[in-house]
Amino acid sequence: MGGFVASVLGTKNSADAAKDAGRIQAQSADKSIAFQRESRDIARNDLQPFRNFGESQIQPLNSLLSNPSGYLENNPLYDAINSNSRREVFANRAARGKLGSGGTARELQNRFLANGESLINNQYNRLLGSVASGQNAAAGQANVAQNTGVNVGETLLQKGNSLAAAKVGRANAINTGVNDFFKLATSAATAGA
């Protein structure tokens with residue numbers, strides 16, 4: 001009779017241990033998933049201001065590309081540069097006695113165009129750099145989200161595997177106990193016969 005009790009208790013202990021092991025692994029997987037999601041959110045929040053800034057520069061960049069001269073209109077920097085250029089050209093041409101020649105207007109026009117092109121190119125490069133920064137931040141956020149998705153998926157798979165292994169372990173423990181019980185019962189019946 002002691003063998004029967006030991007067999008039943010051993011079966012129950014093995015089944016309970018397998019169940020507990022699966023539960024512990026599942027809880028660890030849930031904690032891992034929560035931590036991964038928290039880390040993802042921190043990374044995305046850290047990148048969000050850069051993304052927002054980059055996105056805010058798309059419209060000004062489009063405006064500059066579609067109407068570059070619009071950037072120069074009422075631009076105090078462009079006006080100041082041109083005023084300075086005008087003074088330089090007039091002073092230079094007057095010193096050489098050529099102020100009234102046709103070359104003065106041509107030189108002013110060339111300088112105004114060069115000044116405008118320089119300002120437009122500088123603004124274009126600033127805006128493009130800002131948009132690129134936002135694009136990089138958005139790509140970083142996408143990478144973080146994608147990596148988190150992969151990691152969470154793998155963790156969920158591990159969780160499923162551990163729960164399945166616990167069920168199989170529990171079933172194996174019960175089957176072993178039942179088999180041992182029948183062996184003992186058979187041995188007892190044979191011994192008693």
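The rules behind each value
For every chain, the first residue of the written sequence is number 1, and numbering continues from 1 along that sequence. Local features in a predicted model are, by the rule used here, given only for residues with pLDDT of at least 70; side-chain atom pairs are given and counted only at 80 or more, and totals for whole chains, interfaces and linings are based on all residues. Working from all heavy atoms in the structure, the side-chain values ignore hydrogens and water. Numbered from the N terminus, helices here are DSSP runs of H or I no shorter than four residues, and strands are runs of E no shorter than two. As a reference, a globule follows 2.2 Å times the number of residues to the power 0.38, and the radius of gyration itself is taken over C-alpha atoms. We call a residue buried when its accessible area falls under 20% of the maximum for its residue type, exposed when it is over 50%, and partly exposed in between, using a 1.4 Å probe and counting protein chains only. Whether two residues are in contact is decided by their heavy atoms: any pair within 4.5 Å suffices. Residue exposure ignores everything except the shown protein chains as possible cover, and the areas themselves are Shrake-Rupley values with a 1.4 Å probe. Definition used in this section: a nonpolar core is a set of buried Ala, Val, Leu, Ile, Met, Phe, Trp, Tyr and Cys residues joined via side-chain atoms within 4.5 Å. The patch calculation keeps residues exceeding 30% relative accessible area without a salt bridge and links them within 9 Å when they carry like charges or within 5 Å when they are nonpolar (Val, Leu, Ile, Met, Phe, Trp, Tyr). Salt bridge, as applied in this entry: a Lys or Arg side-chain nitrogen positioned within 4 Å of an Asp or Glu carboxyl oxygen. One confidence number per residue, pLDDT, is output by the predictor and ranges from 0 to 100.

K.L.:
Looking at this structure, how should I read the overall build of the chain?
P.N.:
Tallying secondary structure elements over the chain gives 5 helices and 0 strands in all. Reading the chain from its N end, one meets helices and strands in the order α-α-α-α-α. Taken over the C-alpha trace, the chain has a radius of gyration of 40 Å; the compact-globule value for 193 residues is 16 Å, which it surpasses by more than 25%. Out of the 193 residues in the chain, the part that is buried amounts to 23%. Sequence separation of at least 24 residues holds for 84% of the intrachain contacts in the chain that already meet a minimum separation of 6. Surface exposure of the chain reaches about 12500 Å², of which carbon and sulfur atoms provide 57%.

K.L.:
Can you help me understand the side chain of Gln141 in this one?
P.N.:
Following the sequence through the fold, Gln141 ends up in helix H5 (residues 102–192). Once residues within four sequence positions are removed from consideration, Gln141 is found in contact with Arg44, Leu47, Gln48 and Arg51.

K.L.:
Would you explain the nonpolar core in this entry?
P.N.:
Soluble, globular proteins show a tendency: their nonpolar side chains are buried together. If you look at the biggest cluster of nonpolar residues, it comprises 11 residues: Leu61, Leu64, Leu72, Tyr78, Val89, Leu108, Phe112, Leu119, Ile120, Leu127 and Val131. Mapped by element, the contributors of at least two residues to this core are helix H2 (58–66), helix H4 (76–95) and H5. No other element matches the 6 residues that H5 contributes to this core. Apart from residues no more than four positions distant in its own chain, Leu61 is found in contact with Tyr124, Leu127, Leu128 and Val131.

K.L.:
Would you explain the environment of Asn67 in this entry?
P.N.:
The residue Asn67 is located in the loop between H2 and helix H3 (68–72) in this model. The sequence separation of Asn67 and Arg111 amounts to 44 residues, and the corresponding C-alpha distance is 20 Å.

K.L.:
Just to check I follow, could you spell out a nonpolar patch on the surface for this structure?
P.N.:
Together, Ile174, Val178, Phe181 and Phe182 make up an exposed nonpolar region whose accessible area comes to about 330 Å². Secondary-structure assignment places Val178 in helix H5. By relative accessible area, Val178 is classed as partly exposed at 37%.

K.L.:
Is there a simple way to explain the pattern of salt bridges in this structure?
P.N.:
Side chains carrying opposite charge are able to pair once their charged atoms draw close together. One pass over the full model with this rule turns up 5 salt bridges. Linking Glu55 and Arg51 is a salt bridge whose minimum nitrogen-to-oxygen distance equals 3.1 Å. Here Glu55 pairs with Arg51, and both are found in helix H1 (residues 2–56), just 4 residues apart, close to one helical turn. By relative accessible area, which is 43% here, Glu55 ends up partly exposed. A salt bridge links Arg93 to Glu107; the nearest nitrogen and oxygen atoms lie 3.9 Å apart. On the criterion of sequence distance, the pair formed by Arg93 in helix H4 and Glu107 in helix H5 is long-range, its members being 14 residues apart. Residue class for Arg93 comes out buried when judged on its relative accessible area of 9%. By relative accessible area, which is 23% here, Glu107 ends up partly exposed.

K.L.:
Hey, could you run me through the confidence of the model for the chain in this one?
P.N.:
Fine structural detail should not be taken from predicted coordinates in areas where pLDDT scores are low. Residues at a pLDDT of 70 or more form 94% of the chain, whose mean pLDDT is 83. Mean pLDDT values for the elements of the chain range from 79 in H1 up to 94 in H2.

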